[in-house]
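# Structural features, examined
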Amino acid sequence: MRSAAPLSPALLTARVSWLHRGRGGPAPLLGVACLLSVLWGLARSEENRCASSNAGTCSRCLALGPECGWCSQEDFGAGATKSERCDIVFNLLSKGCSSDFIEYPLVRVTIPNGQDTNTQVTPGEVAIQLRPGAEASFILRIRPLKKYPVDLYYLVDVSASMHNNIEKLNSVGNDLSQKMADFTRDFRLGFGSYVDKTVSPYISIHPGRIRNQCSQYDLDCMPPHGYIHVLPLTENVTEFEKAVNKQKISGNIDTPEGGFDAMLQAAVCQSHIGWRKEAKRLLLVMTDQTSHLALDSKLAGIVVPNDGKCHLKDNVYVKSTSMEHPSLGQLAEKLIDNNINVIFAVQGNQFDWYKDLLPLLPGTTARQIESKAANLNDLVVDAYQKLISEVKVQVDHQIPGLHFTIAAICPDGTRSTGMEGCRNVSSNDEVVFNITVTMEGCEVAGKRSYAVIKPIGFNETTIVNIYNNCTCQCHDNRRHKGKCTEEASLGCQSSHCEDTNCGSDEDQSSPESCRIHRDQPPCSGRGVCLCGKCLCHKTKLGKIHGKYCEMDDFSCPYHHGNLCAGNGVCEAGNCRCFGGWEGDRCQCPAGSAKHCVNAQGQTCSGRGTCVCGKCECTDPRSVGRLCEHCPACSPACDGKRDCDECHRSPNASQALHDQCKTSCAPMVQHMDQTAECLSSPSYFRVFFIIFIITFLIGLLKILIIRQIILQWNGNKVKSADYRVSKKKKEKMFLPTVCPRTVTYQRDKPEEIHINITKLHAHETFKCNF
């Protein structure tokens, strides 16, 4: 047999709350409560938490859950050791508790009559009574109306690169008014311009360009400005065209503009712009570049955050040079608060930049401008159609302890969350939102709070008033006085604790049984002793608990975000580790310290501390896993000498002797003659060998260097002598004979006639054969 699915008591409570509307007396209410408790008892397979909680007061009982009730009848459970006044309603009735004495506040959803003045969003106001753990639901209906008034404000980037687009605005008024006539009979236009902050490095501060930033374009430009409100919203299209005709371009030197600065001012300066409460508000931002963000202002030394307020003086934004650009979150908040729908009309490659911003700015859309803004009128109409065809809601004025769940039911039958909403909604189509409110506990501020359900882009909202039903009527003297306290606790009256201040109806009793030690205050000074038991204070820092209020979850050290590394409990400000863990934060496995001990029994070789089985060297000269390597440390004998003096000292205390045994005994044995350390032949032998080797290596280096120097000098002298002798011979040699072989004969030698003519200084001798 298949078991039934669990039923939420809060859901049942909300569903049947309509049964008791208009009925008087507690009997009908208790009938509903009994039905709920029966269904709850059948649905739950686990233990009854109402009865098993041992709740001693009515308020504690009601805080357990929406299925719990309290019997305040005086003689209920007479003769029993425990009256068990806290239980589900069905069980209380079965035990003989009269329905007139059962405390069981129900969840109520009420829509006040005569207060619903909204035309697009209904209801305009809802009142909900909730108890801890309960939830309530109501239906919100939104119907976008056709022919709704429209306010359209042009916010135009008038930098030099937008020159052609501004010229197109001269003829946009009449054409756009005619096209918007299909959607509204009441259409108004306004106009404002922006450039950038008028400080370096956004504009050129050169004296020749301070007044005319676009002189390189051979144009006469107006001085740069942050934002100027030119024309309030008006029905007079001719007036709009005249204002645009007079508009001159300006300029700056960096690529981004100050668009977000101007957008925020256009949104919050409602009286200056002329935004109407009953109109659909459109802000058309025309640009061809990106916009500066909040932190960009620091480039100019502007560090004061934007306060989100209106700062127009004579229609000029006067805080442009003293306040930062708004952040995206701040801009989105102001646009939603003032019911502004934004249309980004972007020319060029920056269209994708603005398109990526749309998820961060609810109620916005982006369109791309064609060359010379030829499609500007169609762009506005298409964007307006898209905006009015999307219906989304969000919750403003969030209340701690209350949770809102929003489910949208679209006209085509699809479902989505509130922030996703519905698309392609036609005029007069109805979008239904199921709003569910859940209350965690009675900590909701005050007895009455409110939240606002706001459809994005609409000027109508729904106010949700929340009443927390956490009190018991048995405390009311005007009615029959019942028992709000469990009989088992009548010997010690219930205490009332709020934050760190606790009081009781009678004096504290049995304080000695509430002390963890005799020298400590009762309940560790963090609670009151009632009937020999500690009732711990409530604090905003965290939870105080334990038999003596000695434990908490906030005053001990954390490790990786977990109190006592999750391996212990916090007790009196110190971590008490579970078995198998150690350390001040219980972050180290037990026994990990043995991995820090060297062969001599020292922890980290005496030069560090052990942290979770790893040595952290406190001596900066030491290295190694156990800090065992320390070339720059004092010789080993120095430490042994200290140990020897430590052991020999006759006046040393017992604590000092114990320290000597711990730190020195594993290192060396006690020696009668400390001179043995210095007279050991091994040290002199090592020193002598190192000295000889060092001397020989140095001598060998000297000989090699000497030989290289001598050889180099010899080669240099020979080379020089050869060059000198060769030059001298070339200067002294005069070729006066011909290099011809002459054969002589003894009999009759051959006569040789040589004519030698006088040579000039620059001539050389030549032989003629």
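A quick note: this is a predicted structure, and the numbers were derived from the prediction, not measured.

About the criteria used
Residues numbered from 1 in each chain as written. Predicted model: local features only at pLDDT ≥ 70, side-chain atom pairs only at ≥ 80, totals over all residues. Heavy atoms only, no water. Buried < 20%, exposed > 50% of the residue type's maximum accessible area, 1.4 Å probe, protein only. Helix = DSSP H or I, 4+ residues; strand = E, 2+ residues; numbered from the N terminus. Arc of directions from axis to C-beta. Contact = heavy atoms within 4.5 Å. Polar contact = N/O pair within 3.5 Å; in protein donor to acceptor, adjacent residues only side chain to side chain. pLDDT = per-residue confidence, 0-100. Disulfide = S-S within 2.5 Å. Pairing = 2+ DSSP bridges. Axes fitted to C-alpha atoms, helices over the stretch in contact; angles between N-to-C directions. Left-handed = near helix turned anticlockwise from the far one by under 90°. Nonpolar A, V, L, I, M, F, W, Y, C, P; charged D, E, K, R; others polar. Salt bridge = Lys/Arg side-chain N within 4 Å of Asp/Glu carboxyl O. Phe/Tyr/Trp six-rings, centres within 6.5 Å; stacked < 30°, edge-to-face > 60°. Lys NZ or Arg CZ within 6 Å of the ring centre and 35° of its normal.

## Considering helix 8 (residues 237–245)
Listing the buried residues of helix 8 in full gives Val-237, Phe-240, Glu-241, Ala-243 and Val-244. Along helix 8, the residues classed as buried sweep out an arc of 160 degrees about the axis, all on the same side. Those residues of helix 8 that are exposed and aimed more than 90 degrees away from the buried face are Lys-242 and Asn-245. The secondary structure elements touched by the buried residues of helix 8 are strand 8 (150–157), helix 6 (163–169), helix 7 (172–180), strand 9 (187–194) and strand 10 (227–234). With a side-chain oxygen lying 3.1 Å from the backbone nitrogen of Thr-238, the N-terminal cap of helix 8 falls on Asn-236.

## Things to note about the confidence of the model for the protein chain
Across the protein chain, pLDDT averages 76, with 72% of residues at or above 70. Segment residues 1–27 is flagged for pLDDT under 50; beyond a separation of four residues in sequence, or across chains, it makes 37 contacts in the model. Counting contacts from residues 487–491, a segment whose pLDDT is below 50, to residues more than four positions away or on other chains yields 10 contacts.

## Observations concerning the state of the cysteines
On inspection of all chains with the given rule, the structure shows 15 disulfides. Between the sulfur of Cys-523 and that of Cys-534 lies a disulfide, 2.1 Å long from S to S. The chirality of the disulfide connecting Cys-523 with Cys-534 is left-handed, given an S-S dihedral of about -100 degrees. Of the two residues, Cys-523 is situated in the loop between strand 23 (501–503) and strand 24 (527–530) and Cys-534 in strand 25 (residues 533–536); the sequence distance between them amounts to 11 residues. No difference in accessibility class separates Cys-523 from Cys-534, as the two residues are buried.

## Some remarks on the sheet that holds strand 31 (residues 574–577)
With antiparallel pairing, the 4 strands of this open sheet are ordered in space as 26-27-30-31. Every other strand in the sheet has two partners, leaving strand 26 (544–545) and strand 31 as the edge strands with one partner each. Note: strand 27 (residues 551–552) against strand 30 (residues 568–571), 2 bridges, orientation antiparallel. If you follow Met-551 over to strand 30, its bridge partner there is Glu-571.

## A short note on the packing of helix 7 against helix 13 (residues 376–388)
Pairs of packed helices are described in terms of their axes, by the angle between the two and the distance that separates them. Orientation of helix 7 relative to helix 13, taken along the N-to-C sense of each, is 35 degrees, at an axis distance of 9 Å. As helix 7 runs across helix 13, the sense of the crossing is right-handed. Every residue of helix 13 that contacts helix 7 at Val-172, Asp-175, Leu-176, Lys-179 and Met-180 is listed here: Leu-376, Asn-377, Asp-378, Val-380, Val-381 and Tyr-384. Of the residues assigned to the contact of helix 7 with helix 13, the class counts are 7 nonpolar, 1 polar and 3 charged.

## Quick word on helix 11 (residues 328–337)
Of all 10 residues in helix 11, 7 are buried; the element is thus mostly enclosed. Along helix 11, the positions that sit buried rather than exposed are Leu-328, Gln-330, Leu-331, Ala-332, Lys-334, Leu-335 and Ile-336. Within two residues after helix 11, Asn-339 carries a phi angle of roughly 60 degrees, on the positive side.

## Quick notes on the sheet that holds strand 1 (residues 68–71)
If you trace the 3 strands from one edge of the open sheet to the other, you get 2-1-3, paired in antiparallel fashion. Looking at the sheet topology across the chains shown, the edges are occupied by strand 2 (86–88) and strand 3 (102–103). Bridge count between strand 1 and strand 3: 2 bridges; the pairing is antiparallel. Bridging across to strand 3, Trp-70 finds its partner in Glu-103.

## Remarks on the pattern of salt bridges
By the definition in use, this model includes 12 salt bridges. One salt bridge in this structure joins Arg-141 and Glu-430, with 3.1 Å as the shortest N-O distance. Here Arg-141, found in strand 7 (residues 135–142), pairs with Glu-430, found in the loop between strand 18 (415–417) and strand 19 (431–439); they are 289 residues apart in sequence, far enough to count as distant. For Arg-141, a relative accessible area of 35% puts it in the partly exposed group. Its relative accessible area of 30% is what places Glu-430 among the partly exposed residues.

## So, the packing of aromatic side chains
Overall, the coordinates contain 7 aromatic pairs when judged by the stated rule. When the centroid spacing of 5.8 Å and the interplanar angle of 75 degrees are considered together, the rings of Phe-183 and Tyr-384 count as edge-to-face. Within this pair, whereas Phe-183 is found in the loop between helix 7 and strand 9, its partner Tyr-384 is found in helix 13, the two being separated by 201 residues in sequence. Here Phe-183 matches Tyr-384 in class, with each residue buried. Seen in terms of ring centroids, Phe-260 and Trp-353 are 6.3 Å apart; in terms of plane orientation they differ by 20 degrees. Their pairing is stacked. With Phe-260 in helix 9 (residues 259–268) and Trp-353 in helix 12 (residues 351–357), this pair connects stretches of sequence that are 93 residues apart. Under the relative-accessibility criterion, Trp-353 is labelled partly exposed at 27%. Put simply, the rings of Phe-260, Phe-344, Trp-353 and Tyr-354 pair up and form one aromatic cluster. It is Arg-131 that lies over the ring of Tyr-104; its NZ or CZ is 5.1 Å from the centre.

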